Amino acid sequence: MSQFQQNVELIRTESMTRDVVRLTFHAPDIAATAHPGQFIMVQTTTTGNDPLLRRPFSIHQVNNNGALQILFKVLGRGTELLAKRQEGEFVSLLGPLGKGFTLDNGDASCLIGGGMGIAPMLFLAHSLRRQGKTPTVILGARTGDELVPLLADFQQLGVVVQAVTNDGSFGSHGFVTDIFKDIHFPAHSINPIVYTCGPRPMMAAIFLQCQHKNLSCQVSMETTMACGIGACLGCAIPLKSGGYAHVCADGPVFSAKDLLWNL
Amino acid sequence: MEPVTVDGKAFAPREGNSSQVDLRVNIGSLQLQNPVMTASGTFGYAREFEDFVNLQRLGAVVVKGISLSPRAGNPPPRVVETACGMLNAIGLENVGVERFISDKMPNLSVLGVPVIVNILGDSVEEYQEIARRLAEVESIAAIEVNISCPNVKKGGVAFGTDPQMAAAVTQAVKGVSRAPVIVKLSPNVTDISLMARAVAEAGADAVSLINTLIGMAIDLPTRRPRLANVIGGLSGPAIKPVALRMVYQVAQTVSIPVIGVGGIASADDALEFLLAGASAVQVGTANLVNPRTSEEVVAGISAYFRQHHIASVRDWIGALQVS
Ligand SMILES: Cc1cc2nc3c(=O)[nH]c(=O)nc-3n(C[C@H](O)[C@H](O)[C@H](O)COP(=O)(O)OP(=O)(O)OC[C@H]3O[C@@H](n4cnc5c(N)ncnc54)[C@H](O)[C@@H]3O)c2cc1C
Ligand SMILES: Cc1cc2nc3c(=O)[nH]c(=O)nc-3n(C[C@H](O)[C@H](O)[C@H](O)COP(=O)(O)O)c2cc1C
Ligand code: FES
C-alpha cells in the first residue's frame, strides 16, 4: 500500500454553492491507487506555519487521466485558504490514506450521504457501477441549493438519486432516514450493504435502522487529525469492544457495529 | 539563507558527496552517523514513514513511549491546532512493553537505523521494570526516559519537576540498562538547568529537551475546552524559542550530551540548536505535517556544511558566538 506526498497542480476550482467548493488536482499517482472512502491530507498554505496542520478530505472522484477531486465546505481558516487557491497553483497532497469502503461482498447496496458526507459517495457510486452494480442512492442536505449542483455527476453514472432536503426546497422534505425507512432490498439479494457518510447523528440513526433491518452498515467517520498516517494517535474513536481505533489508519470507514455509538 | 524544506525537492542528497562532511556524533557510548533523530510520539513505530523517508539516512528513530502495561489513552478530541503549533493529550496510548518487544521490535530492528525506545511510568519501580525488560533486547540502541509523567505515589507530581524524583528514576533505569540512558526533560519547571544537573549526577548518559509545554485551548462558541483532557502539551514551531533557550542553558550547565527538541522543521532550525550546544536534535511535530522532514533536515545540514566549508559537525556544536 503506497502513500505519496506530492506537490500537484490545481487544475480546476468550482464554486458549487456560496460556501461549497470543488477542487480538481492533477495527481496521477494518488488517483491511480485510491479506493473509495479513502482520504487525502491537504496543506492549506504554502507560506509560514499557520495553519500548521494539513486538513483531511475524502476523495470525491478520480479519473483515468490522473484527476482527483475534493468537495468541501468552507468552515474555518484552513478551508478558507484552500478555497482561495487559484488554478495553476501547486498544492501539497498526502495520500491516498486510510481504509475505504469494502466493495466486494454483496450485490445490493444503498449509499446514503448527508451534507459534505456526499463527497465520498460519488467515488463509491462510480466504483460500484464499474462492477456492474446499481446502488440505491439517497442524498440529503439542508437546502436544495446545497444539493442540486451535486446531482448531475451521480445521474451521469446512471444511478437514480433520491434527494431529500431538511427545508423541503428540493426533493422530499425531511431527512435521509425518512427515505431509508422505506427502502427494501429485494428478498433474494446476497449480503445487502449500506454505506453512509454524514453528520454523526445521521449515521447513528442509519445504523439503528440497519440493525432493525439486519443489514450490514459501513460508516465513514470524522475526528480531528494531525498526521493522517497513523503516527500521532490523535484521531482516536471509541470502540464497542473497549479502547480506541484510529480513524486515519483503521478507518475512516468502519463497520458501524464495531464502534461505540451511545445510542 | 535559503529555506531547506521545500516539500522534498530542494535537497535531494547526492550519493558520495555527503562523505565530504563528517556528521557523526556520540551520545554516550552510542555513535550516530548524523545528529538527526525523530521525536517520540511523532513518528509512530517508523514503519508509517517508509513510503516517505529512507530511514537508513537518519541518525536514529525514537519510538512512541512504552509503559509496563498497555494504555488505552485519552478520549477524543486528543489534538487541536493552535497558532503555529498544536496541543496534544494522547494520554500515552501504547501497547505495553511485552507486546512492544514481541510485535514491534522485530520490525524495528531490521530497519537499519538505531532504535531508541522511549519509556514512561507512574512509579520509580515501573520505570525500572520496563528498563529491565528492554535490557534483554540486544537491538535497542538507547533508552529515552520520559519523566514528564505524574508520580502516583507522590500525589501526581511529575517526576520531571522534582530534582530528587528525577534523579531517582534516572538511577533506577541506569542501574538495569545495558544501553545508554537519555533522560528527557520537562520544560514545565522554573529552572531546567537544575533538573539537568540532577539527572546528570544520577548517571544519565545524555539529556533530551524539551518535552511539550503544558497549554490549553478553548472553543468560544461552545464555551468548552477544545481537548477532552482540558489541558495538553504544546509543540511545533511555536515552542522553538523556548526550547532553544533551554537547550542553551542546559548545555552551559552539564557536560553530558544534550539533544535539542522543539519546533524543529528545517535544517536551519536544527543548525541553530546545534550552535546553541546540542549534540543532536529530534524532529517532532514537523513529521506530522511533512513526513519527509527528518530526512530533509539531514540532507540540509550536510548541504549547509559543504557550502560553508564546515568539515565536521563537531566543529559546529556549541559554536554560538555570544559577544
Ligand atoms: C477523514 C475525513 C474526511 C473529511 N472529508 C471531508 C470532505 O470531503 N468535505 C468536507 O467539507 N469536509 C471533510 N472533512 C472535514 C474537514 O477536514 C474539516 O471541515 C476541515 O478540516 C476544517 O478545517 P478549517 O481550517 O476550515 O476549520 P477549523 O478552523 O479547523 O475549524 C472551524 C470550525 O469548523 C469546525 N470543524 C473543524 N473540523 C470539523 C469536522 N471534521 N467536522 C465538523 N466541523 C469541523 C470546528 O469545530 C470549528 O468550529 C473530513 C474530515 C475527516 C477526518
Ligand atoms: C502527538 C505527540 C505525541 C507525543 N508523545 C510523546 C511520548 O510518547 N513520549 C515523549 O517523551 N514525548 C512525546 N511527545 C513530545 C515530543 O517528542 C517532543 O518532545 C515535543 O513535541 C516537542 O518537539 P516538536 O515541537 O518538534 O514536536 C509527543 C508529541 C506529540 C506532538
Ligand atoms: S491523525 Fe495522526 S494517527 Fe491519525
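Residues numbered from 1 in each chain as written. Chains lettered and ligands numbered in written order. Predicted model: local features only at pLDDT ≥ 70, side-chain atom pairs only at ≥ 80, totals over all residues. Heavy atoms only, no water.

### Some thoughts on unusual backbone geometry
- Each neighbour pair has its own omega, and for A:Asp50 with A:Pro51 the value is -5°, a cis peptide bond.
- Mapped onto the elements, A:Pro51 comes out in the loop between β3 (39-42) and β4 (55-58).
- Geometrically, the link from A:Gly251 to A:Pro252 is a cis peptide bond, its omega value of 10° lying close to zero.
- Within the secondary structure layout, A:Pro252 lies in the loop between α7 (247-250) and β16 (253-255).
- A positive phi is found at A:Asn214, a non-glycine position, where the angle reads about 60°.
- Along the chain, A:Asn214 turns up in the loop between α6 (200-213) and β13 (216-220).
- For B:Arg223, which is not glycine, the phi torsion reads 55° and is therefore positive. (Helix = DSSP H or I, 4+ residues; strand = E, 2+ residues; numbered from the N terminus.)

### Things to note about the domain arrangement of chain A
All names here are of chain A.
- Under the domain assignment used here, chain A contains domain 1 (4-97) and domain 2 (109-258).
- Here the C-alpha centroids of domain 1 and domain 2 sit 21 Å apart.
- Contacts between the two partners involve 22 residues from domain 1, matched on the other side by 21 residues from domain 2.
- Taken together, the links from domain 1 to domain 2 amount to two salt bridges.
- The interface formed by domain 1 and domain 2 holds three residue pairs in polar contact (both at pLDDT 80 or more) in total. (Domains from an automatic or database assignment. Contact = heavy atoms within 4.5 Å. Salt bridge = Lys/Arg side-chain N within 4 Å of Asp/Glu carboxyl O. Polar contact = N/O pair within 3.5 Å; in protein donor to acceptor, adjacent residues only side chain to side chain.)

### Looking at the site of ligand 2
- For ligand 2, the set of nearby residues contains 24 residues, the closest of which are B:Ser40, B:Lys184, B:Gly236, B:Gly263 and B:Thr285.
- At the site occupied by ligand 2, nearby residues are drawn from chains A and B.
- Side-chain polar atom of B:Asn118 to an oxygen atom of ligand 2: 3.0 Å apart, as the coordinates give it.
- A distance of 2.6 Å is found between an oxygen atom of ligand 2 and a side-chain nitrogen or oxygen belonging to B:Thr285.
- When grouped by side-chain class, the residues that make up the shell around ligand 2 number seven nonpolar, 15 polar and two charged. (Near = heavy atom within 4 Å. Nonpolar A, V, L, I, M, F, W, Y, C, P; charged D, E, K, R; others polar.)

### So, the site of ligand 1
All names here are of chain A.
- Around ligand 1 sit 19 residues, and of these Arg55, Pro56, Gly78, Thr79 and Glu222 come closest.
- Between an oxygen atom of ligand 1 and a side-chain N or O atom of Thr79, the distance comes to 2.4 Å.
- Side-chain polar atom of Glu222 to a nitrogen atom of ligand 1: 2.7 Å apart, as the coordinates give it.
- In the complex, the protein chains occlude 72% of the 880 Å² of accessible area that ligand 1 would expose alone.
- With four residues, the top contributor of residues to the shell around ligand 1 is β4.
- There are two domains that each give the shell around ligand 1 at least three residues, and those are domain 1 (4-97) and domain 2 (109-258). (Areas by Shrake-Rupley, 256 points an atom, 1.4 Å probe, with all protein chains shown as cover.)

### Some points on the interface of chain A and chain B
- Each side of the interface is counted separately: chain A has 31 residues, and chain B has 34 residues.
- Buried area between chain A and chain B, summed over both chains or domains, comes out near 2,600 Å², and the portion from carbon and sulfur atoms is 57%.
- The largest per-residue losses of area from chain A upon contact with chain B belong to A:Gln5, A:Leu52 and A:Tyr244, which jointly make up 24% of the total buried on that side.
- Counting across the interface, chain A meets chain B through one salt bridge.
- One salt bridge in this structure joins B:Glu81 and A:Arg55, with 2.8 Å as the shortest N-O distance.
- The interface formed by chain A and chain B includes 11 residue pairs in polar contact (both at pLDDT 80 or more).
- Contributions of two or more residues to the side of chain A that touches chain B are made by β1 (4-15), β7 (90-97), β14 (236-238) and β15 (244-246) of chain A.
- Sort the elements by how many residues they give to the side of chain A that touches chain B and β1(A) lands first, with four residues.
- Within the side of chain A that touches chain B, the residues separate by chemical class into 16 nonpolar, 12 polar and three charged. (Buried area = accessible area lost by both parts, 1.4 Å probe.)

### Description of a nonpolar patch on the surface
Residues and elements named next belong to chain B.
- A cluster of nonpolar side chains, contributed by Ile214, Met216, Ile218, Val230 and Ile231, occupies part of the molecular surface with about 460 Å² of accessible area.
- Relative to the helices and strands, Ile214 is located in strand β13 (residues 213-216).
- On the basis of relative accessibility, which here comes to 57%, the residue Ile214 falls in the exposed class. (Patch = residues over 30% accessible without salt bridge, like charges linked within 9 Å, V, L, I, M, F, W, Y side chains within 5 Å. Buried < 20%, exposed > 50% of the residue type's maximum accessible area, 1.4 Å probe, protein only.)

### Notes on the environment of B:Asn107
All names here are of chain B.
- Position of Asn107 relative to the elements: it lies in helix α1 (residues 96-108).
- With relative accessibility at 34%, the residue Asn107 sits in the partly exposed group.
- Counting along the chain gives 75 residues from Asn107 to Leu32, while the straight-line C-alpha distance between them is 20 Å.
- Here Arg47 takes part through its side chain, which lies 3.4 Å from a polar atom of the side chain of Asn107.

### Regarding the sheet that holds strand β6 (residues 85-88) of chain B
All names here are of chain B.
- Pairing is antiparallel across the open sheet formed by four strands, whose spatial order is β5-β6-β16-β13. Every other strand in the sheet has two partners, leaving β5 (79-82) and β13 as the edge strands with one partner each. Sheet twist, expressed as the mean angle between neighbouring strand axes with direction ignored, is 40°.
- Two strands pair when backbone bridges link them, and β13 and strand β16 (residues 231-235) are joined in this way by four bridges, in the antiparallel orientation. Along β16, the bridge assignment pairs Leu213 with Leu234. (Pairing = 2+ DSSP bridges. Axes fitted to C-alpha atoms, helices over the stretch in contact; angles between N-to-C directions.)

### Re the packing of helix α2 (residues 124-134) of chain B against helix α3 (residues 163-176) of chain B
Residue and element names in this part refer to chain B.
- Two elements in contact, α2 and α3, have axes separated by 8 Å at closest approach and are oriented at 25°. As judged from the angle between their axes, α2 and α3 are roughly parallel. Crossing geometry of α2 relative to α3 is assigned as right-handed. Here α2 contributes Val124, Tyr127, Gln128, Ala131 and Arg132 to the contact with α3, which in turn contributes Ala168, Val169, Ala172, Val173 and Val176.
- Here the contact of α2 with α3 is built from residues that sort into eight nonpolar, one polar and one charged. (Parallel < 35°, antiparallel > 145°, perpendicular 65-115°, else oblique. Left-handed = near helix turned anticlockwise from the far one by under 90°.)

### With respect to the pairing of strand β17 (residues 258-261) of chain B
All names here are of chain B.
- Neither face of β17 is open: one carries Val258 and Gly260, the other Ile259 and Val261, and all of them are buried.
- Pairing of β17 with strand β18 (residues 280-283), which is carried by three bridges, proceeds in the parallel orientation. Along β18, the bridge assignment pairs Gly260 with Val281.
- As a crossover connection, the stretch from β17 through helix α6 (residues 267-275) into β18 is right-handed. (Right-handed = clockwise from strand over helix to strand, strands pointing away.)

### Quick notes on the pattern of salt bridges
All names here are of chain A.
- Overall, the coordinates contain 25 salt bridges over all chains when judged by the stated rule.
- Between Asp50 and Arg77 there is a salt bridge, with its nearest N and O atoms 3.6 Å apart. Pair noted here: Asp50 is in the loop between β3 and β4 and Arg77 is in helix α2 (residues 77-83), with a separation of 27 residues, a long-range link.
- Among the residues examined, Arg77 registers a relative accessible area of 47% and is labelled partly exposed.

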